[in-house]
Amino acid sequence: MTDSFALYVHAPFCVRKCRYCEFASEELRDTSQADEVVDGILREARTRACEEPWRDRTLHSLYLGGGTPSLLLPDQVLRLVYGLQEVFSLQEGAECTIEANPGTLSPSRLDAWLELGLERVSLGVQSLQESVLHTLGRIHTADLARRAYQTLVDAGFPRINVDLIFGTCTDKVFDGWRDTLDEVIRWQPEHVSAYSLILEKGTPLYHDHERGLQVKVDEEIELQLFKYTIEALEEAGYLHYEVSNWAGSARERSRHNLSYWDGSPYLAIGPAGHSFDGDRTRWWNHRDSQQWLNMVQKEGSGKAAEEVLSPLMRYEEIIMLGLRMIEGVEEVRAVAAATDAGRDWPPESLDMLLERRLLLAEGGRIRFSREGLMIADEVIAHLLRDV
Amino acid sequence: MPDSAYIRNFCIIAHIDHGKSTLADRLLEATAALDAKRMREQVLDSMDLEQERGITIKAHAITMDYKAHDDSTYTLNLVDTPGHVDFSYEVSRSLAAAEGALLVVDAAQGAEAQTIANLYLAVEAGLEIIPVINKIDLPSARPDEVTQQLIDLIGCDPDEILKVSAKTGEGVPALLEAIVKRVPPPGGNLEAPARALIFDSMYDNYRGAIAYVRVVDGTLKLDDEVFFYQTEQRYEINELGVLRLERLPRKQLSVGEVGYLVTGCKDIHHTRVGDTVVAYEKRKEVKALPGYREPKPMVFSGLFPADHEDFEDLRDALDRLALNDASLRYDPESSTALGFGFRCGFLGLLHMEIIQERLEREFDLNLISTVPSVRFKLVRMDGKEEWLSNPVDFPDPTQFDHIEEPIVRGQVITPTEYVGPVMQLSQDRRGTFVTQEYLDANRVNIIYDYPLAEVVFDFYDRLKSQTRGYASFDYEFSGFETSKMVRLDILINGEPVDALSMIVHDDKAYEWGRRVVDKLKELIPRQMFEVAIQAAISGKVIARSTVKALRKNVLAKCYGGDVTRKRKLLEKQKEGKKRMKQLGSVEVPQEAFLAVLKVDDQ
């Protein structure tokens, strides 16, 4: 895989920013703003395509994320993807995803996506409970989300992901989530991502919370919701392959997302994008889209800063990211990373974590038990405590 | 050689904040011992920590020349006294080096317990007392009331009381005259064999142990062979002199003079406060000066480096501090929970806090200290006595006959309206009422006998909070009494944690057990599994609490490819863990080991 990589493209605009969201995105003013962004992305892509390690490598996945890339007009998205294909070479059967907001679909857009081979759509449903959609500040209703999904199916998209968020406070938290999840399962999407709501500093929702409003359920309920999610999706035949991600089958796993966890290289273009060369360097673009655009127009690159990882940091990453995969991290990989970092494998606390069955060691891999997964961050911090 | 008729040795007795240091500065200024260039606020308190806490920890002395109204020039020696109950022995030795004492009382606040305790010491030592009301410039000053208080206290005439403002300098000239007129010149016999009292000592990196002395009889000369009576050490005087702002070498020190001695002595434990320096040749003929006491630690606590790799650094730091602090004791100790550290003995709780703070500040050590304990007398079946100050050494109840605990006589001075709360607190602390007397219409002096163990914890803080800060407190050791003491053990997930054990009175064991497990429950964060906290006596559990397991702690969110952010979150979490002590598989915050000191009453 080292001769291929994942490409992420960030569309930094939305119809309206959701109340929980802290990603780099702003309200789209007019079509010319999107044109400028597309120009910028293509300019930056041309720069990167000449650089190591991307030069002479192929793409195994392309991901248009945001923001709301589904806001791009058909000709804009055509120009964008054709432009990218001019400078990067897409592998046969590469995974091409576009994120879509249910409130932004139109037949002409869907046609354009299909024409471009964007055959995987990640639909931001989040909830089918009106009160939750309201709290989250989504621009669509539950019904619109249902219709959007059906439209995608009818249009013939072979791979659809449904994005969901649980843990928002409402009058019927548990029933509401069960209804949402059960209905989504009946749709039989190829992929489900279910995240628990996180209150990010600076968001309106966080502000509500600071003011004493209860916007997020307490830990115990969150735990029950998470457990129910795991059980319901498992029962429906979904493969739980990462903390928050489920696939209809092994081949439906998101190749793109996997590259974030398995240490392979990925390149991000657009504001706030984070890239990794697959070796020792991580770097990121300016978060502010205007600043990013100015930089790109001037220098062809919107890069803000980079960090070079020490062997020790890589070791920590491999454990931290690898364990988020349900199948866990290969022990030989952990040993190699530890050795590189001049550390002994295993860490002192591994035995205790295995003994308490928070972690399991099977088939040459270390992975979380169901109980361990619930407190994954704590277990990982414990495991790496003295590293 | 100054004629001893023109020498005046005096000290200042004052409560913290009543202006002793400022007054000392004024005296130095007025006698030109301190020129403008060198004028620094409160020269006598030279350690940072002292200045911060407003407490003079180590007594020093300074010599001034004063031209009096009779046109004679007098040598005034100000012998400083430490201002805290932990150092009352040092105070008594400083007093023994003087003939007079300025009793300095704040014009707004009146006399406090510490002042009165030290005043009694001074009267006992036969010192001439010059009552001084300071801070008369304060708007809240009530000099008439305080005057009456002083009259009641020492039975003086109103016109014997001087009124000064150390801040403005008002009344300072009159005070200097009073020192010359009222403090008697030193006695002693110039012709007798030399005898000098060590009232303080300090360690100098270049000169070794330097003894501060008051010559009681005869003359000490350069190159004399001297003998330190109690420690039976023989040294030659390499240098001696008087104490100005710096040490000023002289050829000799004669009867009545105050100064310093540099000998070949490198060990401050040989220049003990209260010891007598005599001419080596005459050591068999002369008697030691009375009042010497071995430095006796009263409070013991384990000090452990938070990072076990710092053990040697801690040893070095203690060695360094002990160079200058003969009362600090420390012996290596090992704890199952905390690894290698030191069992340290202190004069009192303040001394303990000061040492800990200096270790952390000056030596940059991160320390974990265990619950302080007093020193008990353990009497075995066969009547043999042993000291017991470490809960770890507490034997099985079948292995001893009884235990005796140290008792102190405590004195609380409080406004009358707080008598009730003070008595309630004293009862709670197993105090035995002795007597009470009214100092004036508004203030009572209440005497109780307390077990020292009940006083060393947070007694003073409690007293302050129940009397809105008005009560003051002092105590002195009075003896041992048989007491039913037990060892309270704390178990975490079934494992006893030796560093959390403590020796408590049987009557209070349940209460302590309950409070400690509750406090620990508060301090120990939720972790991957349930943590059971138990308090037990002789294996019998008397209280328990549980820290529930962490239920969910996973950021079920992907920040796209922003792994840096995730790693930073991990680093933060790991940092938090580093501040914890790992006991088995349980993470316990460092402050938990002192939790009992902070258990909130009621």
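Predicted model only: the values in this text are computed from it and were never measured. (Residues numbered from 1 in each chain as written. Chains lettered and ligands numbered in written order. Predicted model: local features only at pLDDT ≥ 70, side-chain atom pairs only at ≥ 80, totals over all residues. Heavy atoms only, no water.)

A few words on the overall build of chain B. Along its length, chain B carries 13 helices and 33 strands. The C-alpha radius of gyration of chain B comes to 27 Å, within 12% of the 25 Å expected for a compact globule of 602 residues. Nonlocal contacts in chain B, meaning residues at least 24 apart in sequence, comprise 69% of its contacts between residues at least 6 apart. Accessible surface, chain B as shown: approximately 25100 Å² in total, 47% of it carbon and sulfur. Between the centroid of the 75 positive side chains of chain B and the centroid of its 97 negative side chains there is a distance of 6 Å. (Helix = DSSP H or I, 4+ residues; strand = E, 2+ residues; numbered from the N terminus. Rg over C-alpha atoms; globule rule 2.2 N^0.38 Å. Contact = heavy atoms within 4.5 Å. Areas by Shrake-Rupley, 256 points an atom, 1.4 Å probe, with all protein chains shown as cover. Lys, Arg positive; Asp, Glu negative; His and termini not counted. Charge placed at Lys NZ, Arg CZ, Asp CG, Glu CD.)

Glancing now at the pairing of strand 2 (residues 61-67) of chain B. Residues and elements named next belong to chain B. In terms of burial, strand 2 is largely enclosed, as five of its seven residues are buried. Here strand 2 pairs with strand 3 (residues 73-79) via seven bridges, running antiparallel. Counterpart to tyrosine 66 in the pairing with strand 3 is tyrosine 74. (Buried < 20%, exposed > 50% of the residue type's maximum accessible area, 1.4 Å probe, protein only. Pairing = 2+ DSSP bridges.)

Turning our eyes to something else, we now look at helix 12 (residues 506-523) of chain B. Residue and element names in this part refer to chain B. Helix length check: helix 12 (18 residues) gives 25 Å between terminal C-alpha atoms against 26 Å at 1.5 Å per residue, within 8%. Along its length, helix 12 shows its largest kink, about 25 degrees, at tryptophan 512. For helix 12, the set of buried residues is Lys508, Ala509, Trp512, Gly513, Arg515, Val516, Val517, Lys519 and Leu520. As for helix 12, its buried residues are in contact with helix 9 (419-428), helix 10 (452-456), strand 27 (485-492), strand 29 (502-505), strand 30 (531-537) and strand 31 (540-547). (Expected span 1.5 Å × (residues − 1). Bend = angle between axes of the 7 residues up to and from the residue.)

Another aspect to go through is the pattern of salt bridges. In the structure shown here, the tally under the stated rule is 58 salt bridges over all chains. Residues A:Glu220 and B:Arg551 are paired through a salt bridge, measuring 2.6 Å at the closest nitrogen-oxygen approach. Remark: B:Arg551 occurs in the loop between strand 31 and helix 13 (563-578) and A:Glu220 occurs in helix 8 (residues 219-235); the pair is interchain, linking two chains. Judged by its relative accessible area of 32%, A:Glu220 is partly exposed. You can call B:Arg551 partly exposed: its relative accessible area is 31%. The shortest N-O distance in the salt bridge between A:Arg282 and A:Glu317 comes to 2.6 Å. Of this pair, A:Arg282 sits in strand 13 (residues 281-285) while A:Glu317 sits in helix 11 (residues 311-322); the two residues are 35 residues apart in sequence, bridging distant segments of the chain. Beyond isolated ion pairs, a larger network of salt bridges with shared partners links A:Arg282, A:Glu307, A:Arg314, A:Glu317 and B:Arg567. (Salt bridge = Lys/Arg side-chain N within 4 Å of Asp/Glu carboxyl O.)

A word on the interface of chain A and chain B. With 45 residues of chain A at the contact, the number on the chain B side is 32 residues. Here chain A meets chain B over a buried area of about 3800 Å², counting both sides, of which 56% is carbon and sulfur. The largest per-residue losses of area from chain A upon contact with chain B belong to A:Glu219, A:Glu378 and A:Arg385, which jointly make up 18% of the total buried on that side. Here chain A and chain B share 10 salt bridges between them. The residue B:Arg526 makes a salt bridge to A:Glu219 at a minimum N-O spacing of 3.0 Å. Run the count over chain A and chain B and you get 23 residue pairs in polar contact (both at pLDDT 80 or more). Of all the elements in the fold, those that place two or more residues in the side of chain A that touches chain B are strand 8 (191-196), helix 8, helix 9 (255-262), strand 13, helix 11, helix 13 (350-355), helix 14 (370-374) and helix 15 (376-383) of chain A. Grouping the amino acids of the side of chain A that touches chain B by side-chain chemistry returns 26 nonpolar, five polar and 14 charged. (Buried area = accessible area lost by both parts, 1.4 Å probe. Polar contact = N/O pair within 3.5 Å; in protein donor to acceptor, adjacent residues only side chain to side chain. Nonpolar A, V, L, I, M, F, W, Y, C, P; charged D, E, K, R; others polar.)

All names here are of chain A. With eight of eight residues buried, strand 1 (residues 4-11) lies mostly within the body of the structure. Judged by which residues are buried, strand 1 turns out to be covered on both faces: Ser4, Ala6, Tyr8 and His10 on one side and Phe5, Leu7, Val9 and Ala11 on the other are all buried. Bridging between strand 1 and strand 4 (residues 58-66) involves eight bridges; their strand directions are parallel. Bridge pairing in strand 4 links tyrosine 8 to tyrosine 63. Pairing geometry for strand 1 and strand 11 (residues 266-269), over four bridges, is parallel. Counted as the bridge partner of leucine 7 is leucine 267 from strand 11.

In this section: the nonpolar core. With 155 residues, the main nonpolar core has A:Leu7, A:Val77, A:Leu84, A:Phe88 and A:Leu118 as its most contacted residues. Among residues more than four places away in sequence, those in contact with A:Leu118 are A:Leu62, A:Leu64, A:Val77, A:Val81, A:Cys96, A:Thr97, A:Ile98, A:Trp113 and A:Phe157. Among the nonpolar cores identified, the runner-up in size contains 47 residues, and B:Phe342, B:Phe394, B:Phe400 and B:Leu425 belong to it. (Core = buried A, V, L, I, M, F, W, Y, C linked by side-chain atoms within 4.5 Å.)

All names here are of chain A. In this fold, alanine 361 is placed in strand 16 (residues 359-362). Since its relative accessible area comes to 46%, alanine 361 is described here as partly exposed. Along the backbone, alanine 361 and glutamate 330 are 31 residues apart, and their C-alpha atoms lie at a distance of 9.7 Å. In contact with alanine 361, not counting residues within four places along its chain, are Leu354 and Ile366.

Time to look at the sheet that holds strand 6 (residues 162-163) of chain B. Reading across the sheet, the six strands line up as 2-3-1-4-5-6 (chain B) and stay open at both edges, with mixed pairing between neighbours. Each end of this open sheet is capped by a strand with a single partner; those strands are strand 2 and strand 6 of chain B.

Next up on the list: helix 8 of chain A. Here helix 8 of chain A contains 17 residues, and its C-alpha end-to-end distance of 24 Å stays within 8% of the 24 Å for a straight helix at 1.5 Å per residue. Buried residues belonging to helix 8 of chain A abut strand 7 (159-166), helix 6 (173-187), strand 8, strand 9 (239-242), strand 10 (245-247) and helix 14 of chain A.

This part covers the sheet that holds strand 17 (residues 365-368) of chain A. Residues and elements named next belong to chain A. Strand order across the open sheet formed by three strands is 15-17-16, with antiparallel pairing between neighbours. Strands at the two margins of the open sheet, each flanked by one partner only, are strand 15 (329-330) and strand 16. Looking at chain direction, strand 16 and strand 17 are connected through four bridges and run antiparallel. Within the sheet, the bridge partner assigned to leucine 359 lies in strand 17 and is phenylalanine 368.

The next point concerns the side chain of A:Glu95. Residue and element names in this part refer to chain A. For glutamate 95, the location among the structural elements is in strand 5 (residues 89-100). Looking at glutamate 95, its side chain comes within polar contact range of the side chain of arginine 159, at 3.3 Å. Side-chain polar atoms of glutamate 95 contact the backbone nitrogen of arginine 255, separated by 2.7 Å. Beyond its immediate sequence surroundings of up to four residues, glutamate 95 is in contact with His60, Ser61, Leu62, Arg120, Arg159, Arg253, Ser254, Arg255 and His256.

On to the confidence of the model for chain B. Residue and element names in this part refer to chain B. Predicted confidence across chain B gives a mean pLDDT of 86, with 93% of residues reaching 70 or more. In this model, residues 49-59 is a region of pLDDT below 50 whose contacts with residues beyond four sequence positions or in other chains number 43 contacts. The ipTM assigned to the predicted complex is 0.89, against a pTM of 0.72. (pLDDT = per-residue confidence, 0-100.)

With that settled, the discussion passes to unusual backbone geometry. Residue and element names in this part refer to chain A. Omega for the peptide link from glycine 66 to glycine 67 comes to 25 degrees, which places this bond in the cis form. Relative to the helices and strands, glycine 67 is located in the loop between strand 4 and helix 2 (74-87). A cis geometry characterises the amide bond from tryptophan 345 onward to proline 346, with omega recorded as 0 degrees. By secondary structure assignment, the location of proline 346 is in the loop between helix 12 (331-340) and helix 13. Non-glycine residue arginine 357 carries a positive phi angle of around 55 degrees. Note on placement: arginine 357 falls in the loop between helix 13 and strand 16. Note on arginine 357: relative accessible area 53%, which makes it exposed.

Further remarks concern the environment of B:Arg430. Residues and elements named next belong to chain B. Here arginine 430 lies in the loop between helix 9 and strand 24 (432-438). Judged by relative accessible area, which is 19%, arginine 430 ranks as buried. Through-space distance from the C-alpha of arginine 430 to that of aspartate 200 is 36 Å; in sequence the pair is 230 residues apart. Excluding residues within four positions of it along the chain, arginine 430 makes contact with Glu405, Asp449, Pro451, Glu454, Ser483, Met485, His505 and Lys508.

This part covers the packing of helix 11 of chain A against helix 13 of chain B. Orientation of helix 11 of chain A relative to helix 13 of chain B, taken along the N-to-C sense of each, is 95 degrees, at an axis distance of 11 Å. For the element pair helix 11 of chain A / helix 13 of chain B, the angle class is roughly perpendicular. On the side of helix 11 of chain A, the interface is formed by A:Met313, A:Glu316, A:Glu317, A:Met320 and A:Leu321, while helix 13 of chain B contributes B:Val563, B:Lys566, B:Arg567, B:Leu570, B:Glu571 and B:Lys574. (Axes fitted to C-alpha atoms, helices over the stretch in contact; angles between N-to-C directions. Parallel < 35°, antiparallel > 145°, perpendicular 65-115°, else oblique.)

The next point concerns the state of the cysteines. Considering all chains together, one arrives at zero disulfides over all chains under this definition. Distance from the sulfur of B:Cys156, which forms no disulfide, to the nearest cysteine sulfur (B:Cys11) is 17 Å. (Disulfide = S-S within 2.5 Å.)

What follows concerns the packing of helix 6 of chain A against helix 8 of chain A. All names here are of chain A. Remark: helix 6 packs on helix 8, axes separated minimally by 11 Å, with the N-to-C direction vectors making an angle of 20 degrees. The angle between the axes of helix 6 and helix 8 places the two elements in the roughly parallel class. As for the relative orientation of helix 6 and helix 8, their crossing is right-handed in sense. Residues Val173, Phe174, Trp177, Arg178, Leu181, Asp182 and Ile185 of helix 6 form the contact with helix 8, whose own contacting residues are Ile221, Gln224, Leu225, Tyr228, Thr229, Ala232 and Leu233. For the contact of helix 6 with helix 8, a count of residues per class yields 10 nonpolar, two polar and two charged. (Left-handed = near helix turned anticlockwise from the far one by under 90°.)

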